[in-house]
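Residue-level structural notes
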Amino acid sequence: MINRILIRVKVVQMLYSYLLTQSEFHIDAAPEAPSADRRFAYAVYLDMLLAVMELSGITTARGRGVQAPAVEKLLREGRLGAALAQTDELKTVLTRGNSDIDILRPHLQRVADAVAASELFRDYKKIRTRTPADEARFWSVVLESVLLKDGGVAAAMRSLPGFTGKGLQMGLDAAKSSLAAFGDSRLGYMNAKSDLQRSLDKAYDLYYGIFELLVELTREQRSRIDAAKEKYVPTAEDLNPEMRFVENSFIERLLADENFSERLEKRPSMWSDDPVLVPRLLDEIISSDVYRNYMAAPMVDYAADCEFWREVCKTIILPSEVLADAMESRSLFWNDDMQVMGTFVLKSLRQMASAPQDASLPFLPQYKDDEDEAFGPELFSLAVEHRDEYRSYIDKFINAEHWDPERLAFMDIVIMTCAIAELLNYPAIPVPVTMNEYVEIANSYSTARSGQFVNGLLYAVSEYLRSEGVLNK
(Lines give C-alpha, C1' and ligand atoms only; values in the text may rest on other atoms or scores of the structure.)
Protein backbone atom coordinates (compact mmCIF):
# COMPACT_ATOMS: atom_id res chain seq x y z
CA MET A 1 0.00 0.00 0.00
CA ILE A 2 1.28 3.46 -0.89
CA ASN A 3 0.64 5.67 2.11
CA ARG A 4 0.56 9.44 2.32
CA ILE A 5 4.04 9.59 3.82
CA LEU A 6 5.53 8.26 0.59
CA ILE A 7 3.10 10.26 -1.56
CA ARG A 8 4.27 13.50 0.06
CA VAL A 9 7.90 12.62 -0.60
CA LYS A 10 7.11 11.86 -4.25
CA VAL A 11 5.19 15.12 -4.69
CA VAL A 12 8.05 17.15 -3.19
CA GLN A 13 10.60 15.43 -5.42
CA MET A 14 8.53 15.89 -8.57
CA LEU A 15 7.70 19.53 -7.78
CA TYR A 16 11.39 20.24 -7.16
CA SER A 17 12.33 18.72 -10.53
CA TYR A 18 9.47 20.44 -12.37
CA LEU A 19 10.15 23.92 -11.01
CA LEU A 20 13.84 23.61 -11.85
CA THR A 21 13.23 22.64 -15.46
CA GLN A 22 9.97 24.29 -16.50
CA SER A 23 9.81 26.75 -19.34
CA GLU A 24 7.86 29.71 -18.00
CA PHE A 25 4.93 31.06 -19.97
CA HIS A 26 5.13 34.84 -19.90
CA ILE A 27 4.09 37.96 -21.74
CA ASP A 28 6.92 39.80 -23.47
CA ALA A 29 7.81 43.21 -22.08
CA ALA A 30 7.42 46.30 -24.23
CA PRO A 31 10.61 47.03 -26.20
CA GLU A 32 12.81 49.90 -25.06
CA ALA A 33 13.37 52.77 -27.53
CA PRO A 34 11.48 50.89 -30.25
CA SER A 35 11.49 51.59 -33.96
CA ALA A 36 8.15 52.25 -35.66
CA ASP A 37 7.97 48.61 -36.75
CA ARG A 38 8.73 47.28 -33.29
CA ARG A 39 6.27 49.69 -31.64
CA PHE A 40 3.46 48.55 -33.89
CA ALA A 41 4.57 44.91 -33.57
CA TYR A 42 4.17 45.05 -29.80
CA ALA A 43 0.65 46.50 -30.14
CA VAL A 44 -0.26 43.69 -32.56
CA TYR A 45 1.31 41.15 -30.20
CA LEU A 46 -0.97 42.21 -27.33
CA ASP A 47 -3.99 42.37 -29.64
CA MET A 48 -3.38 38.80 -30.84
CA LEU A 49 -3.20 37.42 -27.30
CA LEU A 50 -6.31 39.32 -26.24
CA ALA A 51 -8.09 38.03 -29.35
CA VAL A 52 -7.29 34.45 -28.29
CA MET A 53 -8.90 35.20 -24.93
CA GLU A 54 -12.01 36.60 -26.62
CA LEU A 55 -12.27 33.72 -29.07
CA SER A 56 -11.99 31.32 -26.12
CA GLY A 57 -15.10 32.91 -24.63
CA ILE A 58 -13.12 34.52 -21.80
CA THR A 59 -14.85 37.56 -20.32
CA THR A 60 -12.35 40.43 -20.29
CA ALA A 61 -12.37 43.64 -18.29
CA ARG A 62 -13.74 45.54 -21.29
CA GLY A 63 -15.78 42.93 -23.12
CA ARG A 64 -17.70 39.69 -22.82
CA GLY A 65 -15.84 37.53 -25.30
CA VAL A 66 -17.48 35.93 -28.31
CA GLN A 67 -20.32 33.51 -27.84
CA ALA A 68 -20.11 31.08 -30.77
CA PRO A 69 -21.68 27.92 -29.32
CA ALA A 70 -19.76 25.53 -31.56
CA VAL A 71 -16.45 26.96 -30.45
CA GLU A 72 -17.25 27.84 -26.89
CA LYS A 73 -17.80 24.39 -25.39
CA LEU A 74 -14.56 22.86 -26.65
CA LEU A 75 -12.29 25.87 -26.33
CA ARG A 76 -13.59 26.96 -22.94
CA GLU A 77 -12.22 23.62 -21.70
CA GLY A 78 -8.74 24.57 -22.93
CA ARG A 79 -6.14 26.03 -20.63
CA LEU A 80 -4.57 28.61 -22.91
CA GLY A 81 -7.24 31.30 -22.84
CA ALA A 82 -7.64 30.95 -19.07
CA ALA A 83 -3.86 31.11 -18.61
CA LEU A 84 -3.69 34.33 -20.63
CA ALA A 85 -6.48 35.82 -18.52
CA GLN A 86 -4.43 35.16 -15.38
CA THR A 87 -1.29 36.97 -16.53
CA ASP A 88 -0.65 40.23 -14.69
CA GLU A 89 0.61 41.89 -17.88
CA LEU A 90 -2.63 41.39 -19.80
CA LYS A 91 -4.71 42.30 -16.76
CA THR A 92 -2.85 45.62 -16.65
CA VAL A 93 -3.34 46.17 -20.39
CA LEU A 94 -7.07 45.60 -20.07
CA THR A 95 -7.42 47.72 -16.95
CA ARG A 96 -5.63 50.67 -18.52
CA GLY A 97 -7.20 50.22 -21.93
CA ASN A 98 -3.79 50.04 -23.61
CA SER A 99 -4.89 47.85 -26.49
CA ASP A 100 -6.85 47.91 -29.71
CA ILE A 101 -9.09 44.99 -28.84
CA ASP A 102 -12.15 47.28 -28.85
CA ILE A 103 -11.52 48.01 -32.53
CA LEU A 104 -11.18 44.32 -33.32
CA ARG A 105 -14.05 43.10 -31.16
CA PRO A 106 -16.88 43.84 -33.65
CA HIS A 107 -15.26 41.36 -36.04
CA LEU A 108 -14.46 38.56 -33.61
CA GLN A 109 -17.89 36.91 -33.63
CA ARG A 110 -17.57 36.46 -37.38
CA VAL A 111 -14.06 35.08 -36.90
CA ALA A 112 -15.36 32.66 -34.26
CA ASP A 113 -18.03 31.42 -36.66
CA ALA A 114 -15.36 30.93 -39.34
CA VAL A 115 -13.24 28.96 -36.90
CA ALA A 116 -16.22 26.76 -36.00
CA ALA A 117 -16.85 25.99 -39.69
CA SER A 118 -13.21 25.43 -40.58
CA GLU A 119 -11.46 22.19 -41.46
CA LEU A 120 -8.83 23.23 -38.93
CA PHE A 121 -11.40 23.08 -36.13
CA ARG A 122 -12.79 19.75 -37.34
CA ASP A 123 -9.30 18.26 -37.29
CA TYR A 124 -8.65 19.73 -33.84
CA LYS A 125 -11.81 18.10 -32.47
CA LYS A 126 -10.65 14.71 -33.76
CA ILE A 127 -7.58 14.74 -31.49
CA ARG A 128 -8.60 12.41 -28.67
CA THR A 129 -6.07 13.56 -26.11
CA ARG A 130 -5.27 17.20 -26.80
CA THR A 131 -2.00 18.36 -25.28
CA PRO A 132 -1.13 21.97 -24.45
CA ALA A 133 1.20 21.91 -27.46
CA ASP A 134 -1.77 20.90 -29.67
CA GLU A 135 -3.80 23.77 -28.25
CA ALA A 136 -0.96 26.26 -28.81
CA ARG A 137 -0.48 25.12 -32.43
CA PHE A 138 -4.23 25.36 -33.07
CA TRP A 139 -4.40 28.97 -31.90
CA SER A 140 -1.27 29.92 -33.83
CA VAL A 141 -2.91 28.73 -37.05
CA VAL A 142 -6.18 30.47 -36.11
CA LEU A 143 -4.38 33.79 -35.72
CA GLU A 144 -2.53 33.53 -39.02
CA SER A 145 -5.03 31.70 -41.23
CA VAL A 146 -8.41 32.80 -39.90
CA LEU A 147 -8.17 35.99 -37.83
CA LEU A 148 -5.80 37.97 -40.07
CA LYS A 149 -7.48 36.64 -43.22
CA ASP A 150 -10.80 38.15 -42.14
CA GLY A 151 -11.46 41.27 -44.22
CA GLY A 152 -12.84 43.29 -41.33
CA VAL A 153 -9.93 42.45 -39.05
CA ALA A 154 -7.42 43.22 -41.81
CA ALA A 155 -9.05 46.60 -42.45
CA ALA A 156 -9.14 47.39 -38.72
CA MET A 157 -5.44 46.54 -38.41
CA ARG A 158 -4.53 48.80 -41.35
CA SER A 159 -6.49 51.64 -39.75
CA LEU A 160 -4.46 51.54 -36.56
CA PRO A 161 -1.97 54.37 -35.92
CA GLY A 162 1.57 53.46 -36.96
CA PHE A 163 0.55 50.50 -39.09
CA THR A 164 3.37 48.75 -40.94
CA GLY A 165 3.24 45.43 -42.74
CA LYS A 166 6.54 44.41 -41.21
CA GLY A 167 5.28 45.29 -37.73
CA LEU A 168 2.14 43.22 -38.30
CA GLN A 169 4.18 40.15 -39.18
CA MET A 170 6.59 40.72 -36.28
CA GLY A 171 3.66 41.00 -33.86
CA LEU A 172 2.09 37.81 -35.18
CA ASP A 173 5.40 35.95 -34.87
CA ALA A 174 5.83 37.15 -31.28
CA ALA A 175 2.32 35.99 -30.38
CA LYS A 176 2.95 32.56 -31.90
CA SER A 177 6.21 32.33 -29.95
CA SER A 178 4.42 33.05 -26.65
CA LEU A 179 1.74 30.50 -27.45
CA ALA A 180 4.41 27.90 -28.19
CA ALA A 181 6.07 28.70 -24.86
CA PHE A 182 2.74 28.05 -23.17
CA GLY A 183 2.57 24.67 -24.91
CA ASP A 184 6.05 23.81 -23.70
CA SER A 185 5.31 24.89 -20.13
CA ARG A 186 2.02 23.03 -19.86
CA LEU A 187 3.50 19.98 -21.54
CA GLY A 188 6.23 20.00 -18.89
CA TYR A 189 3.52 20.19 -16.24
CA MET A 190 1.64 17.26 -17.73
CA ASN A 191 4.85 15.24 -18.05
CA ALA A 192 5.64 15.95 -14.40
CA LYS A 193 2.21 14.70 -13.35
CA SER A 194 2.69 11.60 -15.47
CA ASP A 195 6.10 11.04 -13.88
CA LEU A 196 4.51 11.37 -10.45
CA GLN A 197 1.95 8.70 -11.27
CA ARG A 198 4.60 6.48 -12.82
CA SER A 199 6.72 6.85 -9.70
CA LEU A 200 3.81 5.79 -7.49
CA ASP A 201 3.08 2.84 -9.78
CA LYS A 202 6.73 1.81 -9.62
CA ALA A 203 6.58 1.85 -5.83
CA TYR A 204 3.69 -0.61 -5.94
CA ASP A 205 5.60 -2.72 -8.45
CA LEU A 206 8.37 -2.94 -5.86
CA TYR A 207 5.91 -4.23 -3.26
CA TYR A 208 5.08 -7.19 -5.51
CA GLY A 209 8.67 -7.35 -6.67
CA ILE A 210 9.88 -8.30 -3.20
CA PHE A 211 7.52 -11.29 -3.21
CA GLU A 212 8.78 -12.15 -6.69
CA LEU A 213 12.31 -12.06 -5.31
CA LEU A 214 11.41 -14.76 -2.78
CA VAL A 215 10.29 -16.96 -5.65
CA GLU A 216 13.52 -16.32 -7.58
CA LEU A 217 15.61 -17.21 -4.52
CA THR A 218 13.73 -20.48 -4.20
CA ARG A 219 14.21 -21.26 -7.88
CA GLU A 220 17.93 -20.50 -7.62
CA GLN A 221 18.33 -22.94 -4.74
CA ARG A 222 16.41 -25.62 -6.62
CA SER A 223 18.71 -25.10 -9.62
CA ARG A 224 21.72 -25.55 -7.37
CA ILE A 225 20.29 -28.77 -5.95
CA ASP A 226 19.59 -30.12 -9.43
CA ALA A 227 23.07 -29.17 -10.61
CA ALA A 228 24.69 -30.89 -7.59
CA LYS A 229 22.94 -34.14 -8.49
CA GLU A 230 24.51 -33.97 -11.95
CA LYS A 231 28.08 -33.76 -10.64
CA TYR A 232 30.51 -36.33 -11.99
CA VAL A 233 30.95 -37.67 -8.48
CA PRO A 234 28.00 -36.46 -6.36
CA THR A 235 28.14 -36.83 -2.61
CA ALA A 236 25.46 -38.46 -0.51
CA GLU A 237 24.33 -34.99 0.51
CA ASP A 238 24.11 -33.97 -3.16
CA LEU A 239 21.92 -36.97 -3.93
CA ASN A 240 19.73 -36.61 -0.86
CA PRO A 241 19.51 -32.85 -0.21
CA GLU A 242 17.44 -31.19 2.47
CA MET A 243 14.39 -29.87 0.58
CA ARG A 244 12.73 -27.78 3.30
CA PHE A 245 13.84 -24.47 1.81
CA VAL A 246 12.74 -25.23 -1.77
CA GLU A 247 9.52 -26.89 -0.65
CA ASN A 248 8.53 -24.02 1.63
CA SER A 249 4.74 -24.12 1.78
CA PHE A 250 4.38 -20.35 1.69
CA ILE A 251 6.25 -20.13 -1.63
CA GLU A 252 4.12 -22.95 -3.00
CA ARG A 253 0.98 -21.11 -1.97
CA LEU A 254 2.34 -17.86 -3.39
CA LEU A 255 2.89 -19.48 -6.79
CA ALA A 256 -0.57 -21.05 -6.67
CA ASP A 257 -2.27 -17.75 -5.83
CA GLU A 258 -4.35 -16.64 -8.82
CA ASN A 259 -3.74 -12.90 -8.40
CA PHE A 260 0.01 -13.33 -8.00
CA SER A 261 0.38 -15.75 -10.92
CA GLU A 262 -1.66 -13.47 -13.20
CA ARG A 263 0.60 -10.57 -12.32
CA LEU A 264 3.68 -12.66 -13.15
CA GLU A 265 2.18 -13.61 -16.51
CA LYS A 266 1.47 -9.98 -17.40
CA ARG A 267 4.87 -8.69 -16.30
CA PRO A 268 7.62 -11.26 -15.74
CA SER A 269 9.65 -11.17 -12.53
CA MET A 270 11.88 -8.12 -12.43
CA TRP A 271 14.78 -10.16 -11.01
CA SER A 272 14.90 -13.15 -13.32
CA ASP A 273 17.56 -11.67 -15.60
CA ASP A 274 19.92 -10.49 -12.84
CA PRO A 275 23.02 -12.73 -12.84
CA VAL A 276 24.38 -11.29 -9.58
CA LEU A 277 21.61 -10.28 -7.21
CA VAL A 278 19.78 -13.56 -6.63
CA PRO A 279 22.88 -15.80 -6.20
CA ARG A 280 24.54 -13.35 -3.80
CA LEU A 281 21.39 -12.87 -1.74
CA LEU A 282 20.93 -16.63 -1.58
CA ASP A 283 24.49 -17.04 -0.31
CA GLU A 284 23.75 -14.51 2.46
CA ILE A 285 20.58 -16.36 3.42
CA ILE A 286 22.20 -19.80 3.52
CA SER A 287 25.02 -18.53 5.73
CA SER A 288 22.63 -16.85 8.19
CA ASP A 289 21.43 -18.01 11.60
CA VAL A 290 17.85 -17.57 10.40
CA TYR A 291 18.41 -20.22 7.73
CA ARG A 292 20.31 -22.60 10.02
CA ASN A 293 17.63 -22.39 12.72
CA TYR A 294 14.87 -22.94 10.18
CA MET A 295 16.54 -25.95 8.61
CA ALA A 296 17.39 -27.47 12.03
CA ALA A 297 13.89 -27.16 13.46
CA PRO A 298 12.34 -30.59 14.17
CA MET A 299 9.19 -29.65 12.34
CA VAL A 300 7.72 -26.65 10.53
CA ASP A 301 4.23 -25.76 9.38
CA TYR A 302 2.77 -23.09 7.09
CA ALA A 303 2.95 -20.39 9.77
CA ALA A 304 6.61 -21.22 10.42
CA ASP A 305 7.33 -21.09 6.68
CA CYS A 306 5.81 -17.61 6.51
CA GLU A 307 7.73 -16.48 9.57
CA PHE A 308 10.98 -17.74 8.06
CA TRP A 309 10.56 -15.54 5.02
CA ARG A 310 9.46 -12.59 7.14
CA GLU A 311 12.70 -12.86 9.15
CA VAL A 312 14.76 -13.28 5.97
CA CYS A 313 13.18 -10.14 4.51
CA LYS A 314 13.60 -8.17 7.72
CA THR A 315 17.20 -9.10 8.53
CA ILE A 316 18.81 -9.98 5.19
CA ILE A 317 16.93 -8.86 2.05
CA LEU A 318 15.66 -5.39 2.95
CA PRO A 319 18.96 -4.16 4.49
CA SER A 320 21.03 -5.69 1.69
CA GLU A 321 23.47 -3.40 -0.12
CA VAL A 322 23.41 -5.80 -3.05
CA LEU A 323 19.67 -5.24 -3.39
CA ALA A 324 20.08 -1.46 -3.03
CA ASP A 325 22.61 -1.42 -5.88
CA ALA A 326 20.36 -3.54 -8.08
CA MET A 327 17.36 -1.30 -7.41
CA GLU A 328 19.28 1.87 -8.23
CA SER A 329 20.28 0.49 -11.61
CA ARG A 330 16.73 -0.59 -12.45
CA SER A 331 14.60 2.42 -11.54
CA LEU A 332 15.24 6.00 -10.47
CA PHE A 333 11.87 5.91 -8.74
CA TRP A 334 12.96 3.32 -6.17
CA ASN A 335 15.52 5.36 -4.24
CA ASP A 336 13.13 6.14 -1.42
CA ASP A 337 10.59 3.35 -1.79
CA MET A 338 12.25 0.34 -0.20
CA GLN A 339 11.75 1.33 3.42
CA VAL A 340 8.03 1.97 2.99
CA MET A 341 7.33 -0.97 0.67
CA GLY A 342 9.48 -3.27 2.80
CA THR A 343 7.41 -2.38 5.85
CA PHE A 344 4.23 -3.33 4.00
CA VAL A 345 5.75 -6.59 2.78
CA LEU A 346 6.52 -7.52 6.39
CA LYS A 347 2.99 -6.57 7.38
CA SER A 348 1.57 -8.67 4.55
CA LEU A 349 3.67 -11.70 5.47
CA ARG A 350 2.34 -11.55 9.01
CA GLN A 351 -1.24 -11.39 7.69
CA MET A 352 -0.60 -14.17 5.17
CA ALA A 353 0.61 -16.48 7.95
CA SER A 354 -2.91 -16.54 9.41
CA ALA A 355 -4.86 -16.33 6.14
CA PRO A 356 -7.36 -19.18 5.59
CA GLN A 357 -5.94 -21.85 3.30
CA ASP A 358 -8.93 -21.73 0.96
CA ALA A 359 -8.71 -17.96 0.44
CA SER A 360 -6.55 -15.80 -1.81
CA LEU A 361 -3.47 -14.30 -0.20
CA PRO A 362 -4.24 -10.87 1.29
CA PHE A 363 -2.01 -8.63 -0.81
CA LEU A 364 -2.42 -4.98 0.03
CA PRO A 365 -4.09 -2.72 -2.57
CA GLN A 366 -2.06 0.07 -4.14
CA TYR A 367 -4.01 2.70 -2.18
CA LYS A 368 -6.13 2.54 0.93
CA ASP A 369 -9.02 4.34 -0.79
CA ASP A 370 -9.92 6.73 -3.60
CA GLU A 371 -8.92 9.75 -1.52
CA ASP A 372 -5.38 8.47 -1.11
CA GLU A 373 -5.19 7.69 -4.83
CA ALA A 374 -6.18 11.27 -5.71
CA PHE A 375 -4.04 12.87 -2.99
CA GLY A 376 -0.72 12.98 -4.87
CA PRO A 377 -1.89 14.39 -8.23
CA GLU A 378 -4.19 16.89 -6.51
CA LEU A 379 -1.50 18.10 -4.12
CA PHE A 380 0.98 18.51 -6.97
CA SER A 381 -1.52 20.50 -9.05
CA LEU A 382 -2.42 22.77 -6.13
CA ALA A 383 1.24 23.44 -5.36
CA VAL A 384 1.97 24.32 -9.00
CA GLU A 385 -1.10 26.45 -9.66
CA HIS A 386 -0.82 28.47 -6.43
CA ARG A 387 2.94 28.52 -5.96
CA ASP A 388 3.21 32.32 -6.27
CA GLU A 389 0.53 32.83 -3.61
CA TYR A 390 2.14 30.30 -1.27
CA ARG A 391 5.58 31.80 -1.86
CA SER A 392 4.20 35.18 -0.77
CA TYR A 393 3.24 33.64 2.59
CA ILE A 394 6.74 32.22 2.94
CA ASP A 395 8.43 35.53 2.11
CA LYS A 396 6.20 37.36 4.57
CA PHE A 397 7.81 35.60 7.52
CA ILE A 398 11.42 35.34 6.46
CA ASN A 399 13.64 37.33 8.80
CA ALA A 400 16.01 39.08 6.41
CA GLU A 401 18.55 39.52 9.18
CA HIS A 402 19.03 35.77 9.41
CA TRP A 403 17.70 34.43 6.11
CA ASP A 404 18.37 35.96 2.71
CA PRO A 405 15.29 35.04 0.64
CA GLU A 406 17.45 34.69 -2.46
CA ARG A 407 19.80 32.22 -0.75
CA LEU A 408 17.24 29.93 0.83
CA ALA A 409 17.64 26.28 -0.09
CA PHE A 410 15.32 25.74 -3.06
CA MET A 411 14.26 22.40 -1.61
CA ASP A 412 13.04 24.23 1.53
CA ILE A 413 10.84 26.47 -0.64
CA VAL A 414 9.43 23.44 -2.44
CA ILE A 415 8.76 21.60 0.82
CA MET A 416 6.97 24.59 2.35
CA THR A 417 4.97 25.18 -0.82
CA CYS A 418 3.63 21.62 -0.65
CA ALA A 419 2.97 21.97 3.07
CA ILE A 420 0.95 25.17 2.62
CA ALA A 421 -1.00 23.57 -0.23
CA GLU A 422 -1.90 20.74 2.13
CA LEU A 423 -2.73 23.06 5.04
CA LEU A 424 -5.16 25.09 2.96
CA ASN A 425 -6.85 22.40 0.90
CA TYR A 426 -7.23 19.32 3.10
CA PRO A 427 -9.43 20.18 6.08
CA ALA A 428 -9.48 16.57 7.35
CA ILE A 429 -5.68 16.49 7.87
CA PRO A 430 -4.75 18.06 11.23
CA VAL A 431 -2.25 20.92 11.10
CA PRO A 432 0.30 19.15 13.37
CA VAL A 433 0.27 16.10 11.10
CA THR A 434 1.03 18.19 8.03
CA MET A 435 3.75 20.19 9.77
CA ASN A 436 5.45 17.12 11.26
CA GLU A 437 5.47 15.27 7.93
CA TYR A 438 7.11 18.11 6.03
CA VAL A 439 9.61 18.83 8.78
CA GLU A 440 10.67 15.18 8.50
CA ILE A 441 11.01 15.54 4.74
CA ALA A 442 13.16 18.64 5.26
CA ASN A 443 15.36 16.76 7.73
CA SER A 444 15.85 13.94 5.23
CA TYR A 445 16.14 15.78 1.92
CA SER A 446 17.45 19.28 2.57
CA THR A 447 20.14 20.96 4.69
CA ALA A 448 21.09 20.34 8.32
CA ARG A 449 19.20 23.47 9.42
CA SER A 450 16.17 22.93 7.21
CA GLY A 451 13.97 20.98 9.62
CA GLN A 452 14.12 23.67 12.29
CA PHE A 453 13.66 26.46 9.75
CA VAL A 454 10.70 24.78 8.02
CA ASN A 455 9.06 24.07 11.36
CA GLY A 456 9.32 27.67 12.55
CA LEU A 457 8.19 29.22 9.32
CA LEU A 458 5.25 26.87 8.79
CA TYR A 459 4.08 27.62 12.32
CA ALA A 460 4.20 31.37 11.60
CA VAL A 461 2.36 30.94 8.30
CA SER A 462 -0.34 28.75 9.84
CA GLU A 463 -0.96 31.26 12.65
CA TYR A 464 -1.21 34.09 10.12
CA LEU A 465 -3.64 32.14 7.94
CA ARG A 466 -5.78 31.43 11.00
CA SER A 467 -5.83 35.12 11.94
CA GLU A 468 -6.93 35.96 8.38
CA GLY A 469 -9.72 33.37 8.54
CA VAL A 470 -8.19 31.42 5.66
CA LEU A 471 -7.18 28.39 7.72
CA ASN A 472 -10.03 26.99 9.81
CA LYS A 473 -8.81 23.80 11.42
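Report on the accompanying structure. (Residues numbered from 1 in each chain as written. Predicted model: local features only at pLDDT ≥ 70, side-chain atom pairs only at ≥ 80, totals over all residues. Heavy atoms only, no water.)

A look at the overall build of the protein chain
When its secondary structure is counted, the protein chain shows 23 helices and zero strands. Relative to the 2.2 N^0.38 estimate, which gives 23 Å for 473 residues, the radius of gyration of the protein chain is 31 Å and therefore markedly larger than a compact globule would have. Each principal axis of the C-alpha distribution contributes one length, and for the protein chain these read about 105 × 55 × 40 Å. Here the protein chain holds 473 residues, and 49% of them are scored as buried. If you sum the accessible surface of the protein chain, you get close to 23400 Å²; carbon and sulfur atoms cover 50% of it. In the protein chain, which carries 53 positive and 72 negative side-chain charges, the distance between the mean positions of the two groups comes to 6 Å. (Helix = DSSP H or I, 4+ residues; strand = E, 2+ residues; numbered from the N terminus. Rg over C-alpha atoms; globule rule 2.2 N^0.38 Å. Buried < 20%, exposed > 50% of the residue type's maximum accessible area, 1.4 Å probe, protein only. Areas by Shrake-Rupley, 256 points an atom, 1.4 Å probe, with all protein chains shown as cover. Lys, Arg positive; Asp, Glu negative; His and termini not counted. Charge placed at Lys NZ, Arg CZ, Asp CG, Glu CD.)

Considerations on the pattern of salt bridges
Evaluated as defined, the whole model comprises 19 salt bridges. The partner of Asp195 in a salt bridge is Arg198, with the nearest N and O atoms 2.1 Å apart. Taken together, the residues Asp195 and Arg198, both in helix α10 (residues 165-229) and three residues apart, mark about one turn of the helix. Relative accessible area serves as the criterion here: at 24%, Asp195 is assigned to the partly exposed category. Of the charged contacts, one joins Asp283 and Arg224 as a salt bridge, the two residues approaching to 2.9 Å between their closest N and O atoms. Within this pair, whereas Asp283 is found in helix α14 (residues 277-286), its partner Arg224 is found in helix α10, the two being separated by 59 residues in sequence. One connected set of salt bridges, linked through shared partners, spans Glu54, Asp102 and Arg105. (Salt bridge = Lys/Arg side-chain N within 4 Å of Asp/Glu carboxyl O.)

Side note on the packing of aromatic side chains
What the rule picks out here adds up to 22 aromatic pairs. Their ring planes at 80° and their centres at 5.4 Å tell us that Phe40 and Phe163 sit as a pair that is edge-to-face. Within this pair, whereas Phe40 is found in helix α2 (residues 36-55), its partner Phe163 is found in the loop between α9 (151-158) and α10, the two being separated by 123 residues in sequence. With a relative accessible area of 5%, Phe40 lands in the buried category. Under the relative-accessibility criterion, Phe163 is labelled partly exposed at 30%. The lysine or arginine in question, Arg4, covers the ring of Phe375, its NZ or CZ lying 4.4 Å from the ring centre. (Phe/Tyr/Trp six-rings, centres within 6.5 Å; stacked < 30°, edge-to-face > 60°. Lys NZ or Arg CZ within 6 Å of the ring centre and 35° of its normal.)

Quick look at the packing of α14 against helix α17 (residues 321-330)
Put simply, α14 and α17 touch, their axes get as near as 10 Å, and they point 165° apart. Taken together, α14 and α17 sit at an angle that is classed as roughly antiparallel. Between α14 and α17 lies a crossing of left-handed hand. On the side of α14, the interface is formed by Leu277, Arg280 and Glu284, while α17 contributes Val322, Leu323 and Ala326. For the contact of α14 with α17, the class distribution of residues is four nonpolar, no polar and two charged. (Axes fitted to C-alpha atoms, helices over the stretch in contact; angles between N-to-C directions. Parallel < 35°, antiparallel > 145°, perpendicular 65-115°, else oblique. Left-handed = near helix turned anticlockwise from the far one by under 90°. Contact = heavy atoms within 4.5 Å. Nonpolar A, V, L, I, M, F, W, Y, C, P; charged D, E, K, R; others polar.)

Digging into the layout of surface pockets
For the second largest pocket, the calculated volume is near 280 Å³. If you trace the second largest pocket, you find 13 residues lining it, with Gln221, Ile225, Glu237, Pro241 and Tyr291 closest to the centre. For the lining of the second largest pocket, the elements supplying multiple residues, two or more each, are α10, α11 (236-239) and α15 (289-296). The greatest single-element share of the lining of the second largest pocket, amounting to four residues, is contributed by α10. A class-by-class count of the residues in the lining of the second largest pocket yields seven nonpolar, one polar and five charged. (1 Å grid on protein atoms, 1.4 Å probe; cavity = no way out; pocket = protein on both sides within 12 Å on 5 of 7 lines; lining within 4 Å. Points joined across faces, edges and corners; volume = space filled by probe spheres on them.)

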